[in-house]
Structure formats: structure tokens, C-alpha cells
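Breakdown of the fold
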Amino acid sequence: MTESVTVHINAHPQVVWDLVSDVTRIGEFSPETLEGRWISGATGPALGVKFQGHVKRNGRGPMYWTTCRITACEPEKDFAFVVEVPGMSGVNTWRYRLAPADDGTDVTESFELTPSLFIRLYWTLAGPLRAKTNIRGMTETLNRIKAVAETAA
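Residues numbered from 1 in each chain as written. Predicted model: local features only at pLDDT ≥ 70, side-chain atom pairs only at ≥ 80, totals over all residues. Heavy atoms only, no water.

Another aspect to go through is the nonpolar core. By size, the foremost hydrophobic cluster in this structure holds 33 residues, and its most contacted members are Ile9, Val16, Tyr96 and Ile145. Sort the elements by how many residues they give to this core and helix α3 (residues 117-152) lands first, with 7 residues. (Core = buried A, V, L, I, M, F, W, Y, C linked by side-chain atoms within 4.5 Å. Buried < 20%, exposed > 50% of the residue type's maximum accessible area, 1.4 Å probe, protein only. Helix = DSSP H or I, 4+ residues; strand = E, 2+ residues; numbered from the N terminus.)

Rendered as C-alpha cells:
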């Protein structure tokens, strides 16, 4: 119940970090998340900080808001957040791992579903289709980040 995509970006890890960790820019990059906003007084990324994402599932609908909590925040290396659902510890963790490469940064975006009976049932029924959608979305997201990062570099 996990997948990942890696893209090489010809930009310094700090440039890439600034893009992946600024949730207010997520609408520029993601095909499913239209916008993001910091909540509860937060103004930037830090461990435990919460934000909301406005999602258009599969790029078509339905549309809804999610609340997310940052679970990893190591500048230029690792940014992760869990999508919270009332009554559950979280349903899905999204992560960006950055690794310096010869002329830039290798960026890996991944998702990992939190094991639960409901999630296992969902993944059994819809997993292969959803995995393809997520892989396509992660590839598009990283390529959009790449375009911005390489222009800025």
C-alpha cells in the first residue's frame, strides 16, 4: 500500500525544498490538490504543524478539504505529512525525500497508506487503479516542481 516516483531536478536541494515544503504553492504542482493553507497559527513548515489541502479527487471530484500534520521536516532532505481523518491516527502519509546529485537533486515523492481494516479493504478493491492514479499524479507533480525549480536555478 505504498508507491513512489523519483525525478532528477537540476537545482540545489534548497531550491527544491522551498517548493515542496511550501504547502501554499501545492495548487501549482498537484493535479488533485487545488490549494493549501497553513492553519492553527502556522506560517511555514515545522514538525507537528497542521495545514489544510483543498482536494479535487482524481482531478474530477468530489471536492473536499483535508487536514494534514507534518511528520518529517528536515530542510533539504525530508518533508512528510499525514492526512488526518477524525477517529483515525491518519489515513495516508505523503513524503518528499531529497538527495543531492551531481548537478542537482533527486526527489522522491511517495505515499503510504496507514494499515487498517478499512484501508486494506479499500486497497483490495480499488488499489490497482488508485496506485496508477497516484503514480501519474506524483509524476506530474514532480515534473511541475522541476520546471519551476530549474527556471529559478
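Now that the structure has been shown, we can carry on.
Another point: the pairing of strand β7 (residues 104-113). The side chains of a regular strand alternate between both faces of the sheet. For β7, a buried count of 7 out of 10 residues is recorded, marking the element as mostly surrounded by other parts of the structure. Alignment of strand β1 (residues 2-9) against β7, held across 8 bridges, turns out to be antiparallel. In the sheet register, Glu3 faces β7, and the bridge partner there is Phe111. Pairing analysis gives 10 bridges linking strand β6 (residues 92-101) to β7, with the strands arranged antiparallel. Within β7, the position partnered with Ala101 by the bridge is Gly104. Counting the residues in the hairpin turn of β6 and β7 gives 2 residues. (Pairing = 2+ DSSP bridges.)

So, on to helix α1 (residues 13-20). Looking only at α1, the buried set comprises Pro13, Val16, Trp17, Leu19 and Val20. For α1, the arc enclosing every buried residue in end-on projection is 165°, short of the 170-degree limit, so these residues lie on one face. (Arc of directions from axis to C-beta.)

Turning next to the packing of α1 against α3. Geometrically, a packed helix pair is captured by the angle between its two axes and the distance between the axes. Direction vectors running N to C along α1 and α3 enclose 135°, while the axes themselves pass 10 Å from each other. As the angle between them shows, α1 and α3 are arranged oblique. The handedness of the crossing between α1 and α3 is right-handed. From α1, Val15, Val16, Leu19 and Val20 reach across to α3, where they touch Ile145, Val148, Ala149 and Ala152. Classifying every residue of the contact of α1 with α3 by side-chain character gives 8 nonpolar, no polar and no charged. (Axes fitted to C-alpha atoms, helices over the stretch in contact; angles between N-to-C directions. Parallel < 35°, antiparallel > 145°, perpendicular 65-115°, else oblique. Left-handed = near helix turned anticlockwise from the far one by under 90°. Contact = heavy atoms within 4.5 Å. Nonpolar A, V, L, I, M, F, W, Y, C, P; charged D, E, K, R; others polar.)

Following the criterion strictly, the structure yields 8 salt bridges and no others. Asp78 is the salt-bridge partner of Arg95, the closest N and O atoms lying 2.8 Å from each other. You can see Arg95 sitting in strand β6 and its partner Asp78 sitting in strand β5 (residues 78-84), a full 17 residues away along the chain. Comparing Arg95 with Asp78, the two get one shared label, buried. Each of Lys50, Arg69 and Glu84 takes part in a single network of salt bridges with overlapping partners. (Salt bridge = Lys/Arg side-chain N within 4 Å of Asp/Glu carboxyl O.)

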